[in-house]
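Residue-level structural notes
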Amino acid sequence: YQLPRRDRPEPQGSPGVVLTFGIIGIALMSTGILGLIFSIIGLAKASSYQNKYGNISGQVRTGRILSIVGIILSILMIILWVFIIVMIVKSYDHIHTYGSYHSSYGSYRF
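This one's a predicted model, so the numbers in the text were calculated from it and none came from an experiment.

Each helix and strand in the chain was counted, giving three helices and two strands. Reading the chain from its N end, one meets helices and strands in the order α-α-α-β-β. Pairs at least 24 residues apart make up 65% of the contacts formed inside the chain by residues separated by at least 6 positions. A total of about 8,200 Å² of accessible surface is found on the chain, and carbon and sulfur atoms cover 66% of it.

Below you can see the structure in the form of structure tokens.
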């Protein structure tokens, strides 16, 4: 009795690596850049795994979805961080240009 031949090699890479990078990308998305880097690596590993072995397991599929979500959220966080930095710089310039800060609670002189 012969075992049936397989067209594709048996998966030797760990699908858990893709899932791990996806989880790390989501966990670090608040930093922006780090979340984006880990999510891109996770997505690349998922694509590589799919190209090499054809079908993808549950862990690879979940890691791929987490990586895509991590990329989107990391880009949004980068935009938010840029907005926050711009607002801080603008308020700092405003305070030092006019010498005071006006708010609904009153004005303060520096």
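So, next bit.
The subject of this paragraph is the nonpolar core. Within soluble globular proteins, side chains that are nonpolar generally end up buried alongside one another. Counting six residues, the largest nonpolar core is built from Val 18, Ala 46, Tyr 49, Tyr 53, Ile 56 and Val 60. Per-element tally for this core: the top contributor is helix α2 (residues 33-53), with three residues.

As a further point, take the packing of helix α1 (residues 15-27) against α2. Interaxial distance between α1 and α2 falls to 7 Å at its minimum, and their mutual angle equals 155°. Comparing the axis directions of α1 and α2 gives the class roughly antiparallel. For the pair α1 and α2, the sense of crossing is left-handed. Packed against α1, whose contacting residues are Pro 15, Val 17, Val 18, Phe 21, Ile 24, Gly 25 and Ile 26, the element α2 presents Gly 35, Phe 38, Ser 39, Ile 41, Gly 42, Lys 45, Ala 46 and Tyr 49 at the interface. Across the contact of α1 with α2, the residue classes break down as 10 nonpolar, four polar and one charged.

This next bit is on the confidence of the model for the chain. As a general rule, the predicted coordinates of low-pLDDT regions are not to be interpreted in detail. Of all residues in the chain, 73% have pLDDT values of 70 or greater, and the mean over the chain is 81. Considering each helix and strand of the chain separately, the mean pLDDT is smallest for strand β2 (residues 106-109), with a value of 55, and largest for α2, with 91.

Our focus in this paragraph is a nonpolar patch on the surface. Together, Ile 65, Ile 68, Val 69, Ile 72, Leu 73, Ile 75, Leu 76 and Ile 79 make up a nonpolar patch on the protein surface, roughly 660 Å² of accessible area in all. On the secondary structure map, Ile 72 appears in helix α3 (residues 58-98).

The end-to-end C-alpha separation of α2 is 30 Å, in line with the 30 Å expected for 21 residues at 1.5 Å each. When we look at burial in α2, the residues that qualify are Gly 35, Leu 36, Ser 39, Gly 42, Ala 46, Tyr 49 and Tyr 53. Buried residues in α2, looked at end-on, bunch into an arc of 160°, giving them a common side. Residues of α2 that are exposed and angled more than 90 degrees away from the buried face: Asn 51 and Lys 52.

Cut-off values and rules
- Residues numbered from 1 in each chain as written.
- Predicted model: local features only at pLDDT ≥ 70, side-chain atom pairs only at ≥ 80, totals over all residues.
- Heavy atoms only, no water.
- Helix = DSSP H or I, 4+ residues; strand = E, 2+ residues; numbered from the N terminus.
- Contact = heavy atoms within 4.5 Å.
- Areas by Shrake-Rupley, 256 points an atom, 1.4 Å probe, with all protein chains shown as cover.
- Core = buried A, V, L, I, M, F, W, Y, C linked by side-chain atoms within 4.5 Å.
- Buried < 20%, exposed > 50% of the residue type's maximum accessible area, 1.4 Å probe, protein only.
- Axes fitted to C-alpha atoms, helices over the stretch in contact; angles between N-to-C directions.
- Parallel < 35°, antiparallel > 145°, perpendicular 65-115°, else oblique.
- Left-handed = near helix turned anticlockwise from the far one by under 90°.
- Nonpolar A, V, L, I, M, F, W, Y, C, P; charged D, E, K, R; others polar.
- pLDDT = per-residue confidence, 0-100.
- Patch = residues over 30% accessible without salt bridge, like charges linked within 9 Å, V, L, I, M, F, W, Y side chains within 5 Å.
- Salt bridge = Lys/Arg side-chain N within 4 Å of Asp/Glu carboxyl O.
- Expected span 1.5 Å × (residues − 1).
- Arc of directions from axis to C-beta.

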